[in-house]
Structures are given as C-alpha cells and as structure tokens.
Amino acid sequence: MKQIFIATNTLEVHNTEEVVRLLRRAGHDPIIYNADEVFAGRKLLTYTFDSRAARPVVRYDGQELSPETVGAAWYWRPNGFFAEPPKDKGRMMTLGRELFSLQSGIFQAAIPEGAWLNNPHRMHRANDKLWQLEVARSVGFTIPTTAVSNTWAAVTTLSPPIIMKMVIGQVFNGDQSKLLYTTLLDSQKMTAVKDVSPFPGIFQQYVKKAREWRITMVAGRAFPVAIYTTESAKADWRRPTLPEGAVRYVHEPADPAVIQKCREYMRKTGLRYGAFDLIESPDGAIAFLEMNTNGQFRGFEIKTEGLTISQAIAQKLIALAAR
C-alpha cells in the first residue's frame, strides 16, 4: 500500500482531524505536511536534484516522497504559512507568494498528478470565479446577471438590489486583515460608493431566496445541506457576526437534476471535491453562485445529522492509495 499525503496547515486541524482519524482506524498512517511548521523550521523539508539523477529527491519529516511511494494526496489549504502573521503585511504577502510557488514545485516533483483528490493546478483554474460562471452555464445552471467593470455605468445596468463580492476577499489595513463578505447594495448604498472605482469587484443581480444550498461533492457522491436564513443573513450566511439563530442548516435531499449538474460540473473541471453554493428562489428555481474547491465541510457535519463527508474523503484517499 502506498503512502497517503495530506498537505495542510496546523490551523486547519478542525477540518482534517476526522479524516486522519478514519484513515488511521483503517490501518493507514498518513503523512501530514503542515505548511506553517515547514516555514517555521519545526518540520524539515528538502529538495535536492543532481544532474546525474533520474529525478529530484524530496524528503519531509524524515520520509522520502516520490511518485513511487505516494499513492494518494489531499490538498487542503497548505497556504497557511503563518501561525502568527507578522505585522508587516507587505512582507507576509511577498513571502507567501514565494513559499506558495516553491511549495507547488516541490509537490509537483513528489506527488503523481493522478494521486491528488484535487490536483492543485486544476484547483487554481477552477477557483477563477468568472470561469466558474461559464462552466456552470454550460452544464445547465441558471446564472445571475453579472457585471465586472471599471466603470459604474456598466454596473448600474443591473437593477437594484445588487450584490457585490470580491475575487479573493481579503484586505489589509495596517496590521489588520479583514475578510470581505458578499454585500447587498440597495439604491442608497450604490449612491454612497460611487465615488470609488467598482474595479476589482463582481456585481450580480440579487436573487430572492427561499433557501440556499451547500452541496458538497466527493468523488461523485453528493452531500446536500439546505440553509435557511433570517433577513439579517440573506446577503451572506458565512458572516461570523450574525445573531444567534440567523442561520439554520438541514441535511435534506436536493433535486436529482441539480445533483447531476454538479456531477457534470465536476467532470468538466477534472476535480473530485467541490462545495457548491446555490440559491433556491421562492418559485423553486435554482441559481448557481460559486463552487469552492476547498470549501469548508466539517462544520456542516457537526451542525447536521447524516453527513459523512469526512468518511467519503477518507474512502477515496484509501482507494487512490490502493491502485
């Protein structure tokens, strides 16, 4: 049996620990690569390449990693290099880009392309939010009318209310970082923001919601959760400052036709894991918002009954390692 490699960081243990537990219970001892421990020097990583050798030699934490030894790999947010982010955000961003690029090259040398649950290079393309809209439309999803422009004239062709979201959604103000969540812009807010550029930003026609869906796909299996929100959470149910009871999660069946569209979407992107965010309007129509290649799943398992996403991930990794 070949090795199972998990690329992550220590801040993500709440998402990975159940998968690791299931793998160990099945008799596997996964290699857990924590990007922040590598950067801090607590875990040793070396890459050496001699022109006389057939391939580079990669060693992590005392073990050699190669296409001959690694049979399965899970890429789960190994971009958290800073357990304690430095106050100099410019330095952090520069270092982060360098570390990410170097790490990607090392992974490419050590991990077979087909071993990944989600291949990192395919994930990079699939995270392009505008390309997501094209793929979603091609498999039959309805897409909210969308505008991206550096002039408000193009944005205001959409009728208020409009939602605004960012491509990445993280900004730095001095030594503070902040996540930008989806924001609902009514006519008053539109007037207030028109003295700044709308670029970069993604603007979409607001779709009235009866409920939302998070459908997590793992190797063709669907794990749907219906999300019911009060008015305070209609713009974005992910905000951490929402009042108690504003969001309710229920594991219930989704329309089989919607599940099939998700499967076809995954086939087109070449991914095995994806978390779909969808809106169901009061008339029952489903609209696609986005698909996250590393969408959080463990919280949904904890808050609902009957979801076995961690188990599905572990089973697929075991199957890949056994090939």
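Higher on the page you've got the structure.
This structure is a prediction, so every number in the text was calculated from the model and none was measured.

Thresholds applied
Residues numbered from 1 in each chain as written. Predicted model: local features only at pLDDT ≥ 70, side-chain atom pairs only at ≥ 80, totals over all residues. Heavy atoms only, no water. Patch = residues over 30% accessible without salt bridge, like charges linked within 9 Å, V, L, I, M, F, W, Y side chains within 5 Å. Areas by Shrake-Rupley, 256 points an atom, 1.4 Å probe, with all protein chains shown as cover. Salt bridge = Lys/Arg side-chain N within 4 Å of Asp/Glu carboxyl O. Helix = DSSP H or I, 4+ residues; strand = E, 2+ residues; numbered from the N terminus. Buried < 20%, exposed > 50% of the residue type's maximum accessible area, 1.4 Å probe, protein only. Phe/Tyr/Trp six-rings, centres within 6.5 Å; stacked < 30°, edge-to-face > 60°. Lys NZ or Arg CZ within 6 Å of the ring centre and 35° of its normal. Expected span 1.5 Å × (residues − 1). Pairing = 2+ DSSP bridges. Axes fitted to C-alpha atoms, helices over the stretch in contact; angles between N-to-C directions. Parallel < 35°, antiparallel > 145°, perpendicular 65-115°, else oblique. Left-handed = near helix turned anticlockwise from the far one by under 90°. Contact = heavy atoms within 4.5 Å. Nonpolar A, V, L, I, M, F, W, Y, C, P; charged D, E, K, R; others polar.

Enquirer: Give a description of a nonpolar patch on the surface that names residues and reports values.
Expert: On the surface, Leu-130, Val-148 and Phe-199 cluster together into a nonpolar patch covering about 260 Å² of accessible area. Structurally, Val-148 can be placed in the loop between strand E7 (146-147) and helix H6 (152-155). What makes Val-148 partly exposed here is its relative accessible area of 39%.

Enquirer: Can you lay out the packing of aromatic side chains for me, pointing to particular residues and giving the numbers?
Expert: One pass over the structure, following the stated rule, counts 20 aromatic pairs. For the ring pair Phe-141 and Phe-288, a centre distance of 5.6 Å and an interplane angle of 40° mean the geometry is tilted. One end of the pair, Phe-141, is in the loop between helix H5 (129-138) and E7; the other, Phe-288, is in strand E17 (residues 286-292), with 147 residues separating them in the sequence. Each of the two residues, Phe-141 as well as Phe-288, counts as buried. When the ring centre of Tyr-228 is taken as origin, the NZ or CZ atom of Arg-248, which lies over that ring, is 4.7 Å away. Cation over ring: Lys-261 sits above Phe-141, and NZ or CZ is 5.8 Å from the ring centre.

Enquirer: Provide a residue-level description of unusual backbone geometry, including the pertinent values.
Expert: Among all residues except glycine, the phi angle is most often negative; among peptide bonds, the trans geometry is most common. For the bond from Pro-160 to Pro-161, the omega torsion is 0°, close enough to zero to count as cis. Structurally, the position occupied by Pro-161 is in the loop between H6 and strand E8 (162-165). Along the chain, Phe-199 connects to Pro-200 via a cis peptide bond; the corresponding omega equals 5°. Looking at where Pro-200 falls in the secondary structure, it is placed in the loop between helix H7 (187-193) and strand E12 (202-205).

Enquirer: Can you break down helix H10 (residues 309-321) residue by residue, with the values?
Expert: With 13 residues, H10 extends 19 Å from end C-alpha to end C-alpha; this agrees with the ideal 18 Å at 1.5 Å per step. Burial in H10 covers these residues: Ile-309, Ser-310, Ala-312, Ile-313, Ala-314, Leu-317, Leu-320 and Ala-321.

Enquirer: So what about the pairing of E8? Which residues, and what values?
Expert: Both E8 and strand E11 (residues 183-185) contribute to a ladder of three bridges, which runs antiparallel. Within the sheet, the bridge partner assigned to Ile-163 lies in E11 and is Leu-184. Two strands pair when backbone bridges link them, and E8 and E12 are joined in this way by four bridges, in the antiparallel orientation. Across the sheet, residue Ile-162 finds its bridge partner in E12, namely Gln-205.

Enquirer: How would you summarise the packing of H5 against helix H8 (residues 256-269) if you had to cite specific residues and measurements?
Expert: Between H5 and H8, whose axes approach to 9 Å, the crossing angle comes to 125°. When the axes of H5 and H8 are compared, the pair comes out oblique. Relative to H8, the crossing made by H5 is right-handed. Residue-level inspection shows Trp-131, Gln-132, Val-135, Ala-136 and Ser-138 of H5 in contact with H8, the latter providing Tyr-265, Lys-268 and Thr-269. Split into classes, the residues belonging to the contact of H5 with H8 amount to four nonpolar, three polar and one charged.

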